[in-house]
Amino acid sequence: MERKIIEHLKKHMTTIIVGIVCLALGFGGGYVVFYQPHVTTTVKLKETVDNKTLRQVYSILKDKFVDTTGSKSSIGDRMIKGLTSGLLDPHTSYMTKKEAEAFTSSISGNYVGIGVAYLVVNEGAMITDAFSAGNAYKAGLRPGDIITDVDGVSLKGKSSDEMQDMIRGEEDSSVNFSYRHLGKKKNVHIKRTQASSGVFSKVLKSGKKKVGYLQITTFDDETGSTCETALSAFEDQNVEDLIIDVRNNGGGYVNAAEDTLSLFNPSGTVLYSTKDRKGKVDHVKDSDRHYYTFKKKAIIVNGQTASAAEILAGSLQELNGFSIIGSQTYGKGTMQAEVPLSNGGVLKYTCATWYTAKGKSINHKGLTPDVKVNSVDMDTLDIKQVSKTYKVGAMNTKISAMEDMLKALGYHVDRTDGYFSNQTSKALKAFQKKSHLKVTGTYGTQDYYYLIYQFMNAKASHSYDPEFKKAQSFM
């Protein structure tokens, strides 16, 4: 697969799609990567007034600036970061050598970890998914559990990157985890192993028909080959219909998206196009001969579907008749190139805009679903720990999160605006009774742990998944 990527990069501009970074999920924080191209670390610049002035500023600050910030980063690194941030482009940035190595390693197709996706909360890392093949799942961790300590070191107050560094490590290394399960503190010893982070597939039954389900969480250097293996298995099992899920997929390697698109189109098909700063248009065409067809097709998206995932969804809609189901996508229609620098750092900069197969730009607009489905979005919920007890009349974001979760689990609430109504209290009592909690109608810490646990598991198992169920109804 790596050879295929390099050959492809020789044929097309050395670009990558970089999407948004979603918190610290297995489908987000640190999981959107760009491929390290074959670019020399020496860049020759013609002497101009601009770069002469930049060198003057750097020289003055390097020699005479009195640093009282307490920052551990070098002045040079901070100046380069300031230079890129001054461009006001959120997708152009500078990473130090350490940042670049960690970022690239995090989604290189395989990573060494325990097999969980998680969100940063005030207590630590709340698991949103525990992959069945991972050691965390085998050790008993489930969505809704909160990892609080790693080898005795608290995760409280840590950034997503710091948590990632602590949870991951060298292959076959073991680590002690402390976590909360339904509010109770537990400890477990887990070995870190290689785990694929990008593609998950299974065959669903829909009456007498078989439906293939393909979840793509990122586009890494193994996405194309893994998707091909899954589609081939679907073909062998006489699967007629297909659901692709790219919710919370922030992007990745553009050639990985191309490899995946090529699995659905004949050779020579224009998959999408790019335009550089000089207006030069490059039509990216499929070069593979074999492709797969399905009778009924749907692709599920949400507001965190971005970049390469939008290329895939947009082209599948235009070229292959896929119905897009979910909510408006993120709207990242630019491409970034990556250049390794002489200090080991990496400069990432916007180098082109991209357009769908039919020439449509989705930048700042996103893809509009064929069927819009509204559901409880994790990004809008205040899922931080409840540390006090709330009763009827209270109003805040924790109450609205409680109302949303109760509604998602099938309890009748009359509002989700954060006001603790009498009906909300009745719904909460029903939940407390079913969960064998003290039936009070008030919302406290223990209720929070049980509610978040059941909600997370409902999402992970698709028992609460309006978008998924709508896609199934199309089959």
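Residues numbered from 1 in each chain as written. Predicted model: local features only at pLDDT ≥ 70, side-chain atom pairs only at ≥ 80, totals over all residues. Heavy atoms only, no water.

Moving on: the layout of surface pockets. Over the atoms rolls a probe the size of a water molecule, and in doing so it shows where empty space is left. By volume, the second largest pocket amounts to about 1,200 Å³. Every element with two or more residues in the lining of the second largest pocket is listed here: strand E3 (116-120), strand E4 (125-130), helix H5 (135-138), strand E9 (193-196), strand E10 (199-206), strand E11 (209-216), helix H12 (445-460) and helix H13 (466-473). The residue inventory of the lining of the second largest pocket, partitioned by class, reads 20 nonpolar, 20 polar and nine charged. (1 Å grid on protein atoms, 1.4 Å probe; cavity = no way out; pocket = protein on both sides within 12 Å on 5 of 7 lines; lining within 4 Å. Points joined across faces, edges and corners; volume = space filled by probe spheres on them. Helix = DSSP H or I, 4+ residues; strand = E, 2+ residues; numbered from the N terminus. Nonpolar A, V, L, I, M, F, W, Y, C, P; charged D, E, K, R; others polar.)

Further remarks concern the nonpolar core. One finds Leu-214, Ile-216, Leu-231, Leu-242, Ile-244, Phe-264 and Ile-299 to be the most contacted residues of the largest nonpolar core, which totals 41 residues. Broken down by element, this core gets its largest block of residues, six residues, from helix H9 (residues 308-320). In contact with Phe-264, other than residues within four places in its own chain, are Leu-231, Leu-242, Ile-244, Tyr-291, Tyr-292, Phe-294, Leu-316, Asn-320 and Phe-322. Core analysis: the next-biggest nonpolar cluster, separate from the first, contains 36 residues, Val-376, Ile-383, Phe-455 and Ala-458 among them. (Core = buried A, V, L, I, M, F, W, Y, C linked by side-chain atoms within 4.5 Å. Buried < 20%, exposed > 50% of the residue type's maximum accessible area, 1.4 Å probe, protein only. Contact = heavy atoms within 4.5 Å.)

Contact geometry for helix H10 (residues 397-408) and helix H11 (residues 422-434): axes closest at 11 Å, N-to-C directions at 60°. As summarised for this structure, H10 and H11 are arranged oblique, according to the angle between their axes. Seen from above, H10 lies across H11 with left-handed handedness. From H10, Met-402, Glu-403 and Leu-406 reach across to H11, where they touch Thr-424, Ala-427, Leu-428 and Phe-431. In terms of residue class, the contact of H10 with H11 is built from five nonpolar, one polar and one charged. (Axes fitted to C-alpha atoms, helices over the stretch in contact; angles between N-to-C directions. Parallel < 35°, antiparallel > 145°, perpendicular 65-115°, else oblique. Left-handed = near helix turned anticlockwise from the far one by under 90°.)

Once that is clear, we can look at a nonpolar patch on the surface. Together, Val-57, Ile-60, Leu-61 and Phe-65 give the surface a local cluster of nonpolar side chains, amounting to about 330 Å² of exposed area. The residue Ile-60 is located in helix H2 (residues 49-64) in this model. For Ile-60, a relative accessible area of 51% translates into the label exposed. (Patch = residues over 30% accessible without salt bridge, like charges linked within 9 Å, V, L, I, M, F, W, Y side chains within 5 Å. Areas by Shrake-Rupley, 256 points an atom, 1.4 Å probe, with all protein chains shown as cover. Salt bridge = Lys/Arg side-chain N within 4 Å of Asp/Glu carboxyl O.)

Now for the confidence of the model for the protein. Per-residue confidence for the protein gives a mean pLDDT of 86; residues scoring 70 or more make up 87%. Here residues 1-42 is a poorly scored stretch, pLDDT under 50, and it has 140 contacts once near neighbours within four places are set aside; other chains count. (pLDDT = per-residue confidence, 0-100.)

Our next topic: the pattern of salt bridges. Following the criterion strictly, the structure yields ten salt bridges and no others. Measuring nitrogen to oxygen at the nearest pair gives 2.7 Å for the salt bridge that ties Asp-245 to Arg-247. Residues participating in the shared-partner salt-bridge network are Asp-245, Arg-247, Asp-465 and Glu-467.

Take the packing of aromatic side chains next. Applying the stated rule across the entire model yields six aromatic pairs. Taking the centre distance of 4.9 Å and the plane angle of 20° together, the rings of Phe-131 and Phe-200 count as stacked. Of this pair, Phe-131 sits in the loop between E4 and H5 while Phe-200 sits in strand E10; the two residues are 69 residues apart in sequence, bridging distant segments of the chain. Residue Phe-131 is classed as buried on the basis of its relative accessible area, which comes to 16%. On the basis of relative accessible area, Phe-200 is assigned to the partly exposed category, the value being 23%. (Phe/Tyr/Trp six-rings, centres within 6.5 Å; stacked < 30°, edge-to-face > 60°.)

Summarising burial for strand E15 (residues 297-301): five of the five residues are buried, a large majority. Here E15 shows a buried face lined by Lys-297, Ile-299 and Val-301 and a second buried face lined by Ala-298 and Ile-300. Relative to E15, strand E12 (residues 241-245) runs parallel, the two being bridged by four bridges. Among the inter-strand pairings, Ile-244 is bridged to a residue of E15, identified as Ile-299. (Pairing = 2+ DSSP bridges.)

Take the packing of helix H8 (residues 254-261) against H9 next. Any two packed helices are characterised by how steeply their axes cross, that is the angle between the axes, and by the distance between the axes. Contact geometry for H8 and H9: axes closest at 9 Å, N-to-C directions at 25°. By the angle between their directions, the pair H8 and H9 is classed as roughly parallel. Judged by the sense of rotation from one axis to the other, the crossing of H8 with H9 is right-handed. Here H8 contributes Val-254, Ala-257, Thr-260 and Leu-261 to the contact with H9, which in turn contributes Ala-308, Ile-311, Leu-312, Ser-315 and Leu-316. The class makeup of the residues in the contact of H8 with H9 is seven nonpolar, two polar and no charged.

As a further point, take helix H6 (residues 160-167). Looking at H6, one finds that the buried residues are Met-163, Gln-164, Met-166 and Ile-167. With its buried residues spanning 165° around the axis, H6 presents them on a single face. (Arc of directions from axis to C-beta.)

Another point: the sheet that holds E15. Read from one edge of the open sheet, six strands run E10-E11-E12-E15-E16-E19, paired in mixed fashion. At either margin of the open sheet sits one strand with a lone partner, and together these are E10 and strand E19 (371-372). For E10 and E11, the ladder comprises eight bridges, and the chain directions are antiparallel. In the strand pairing of E11, Ser-206 is matched with Lys-209.

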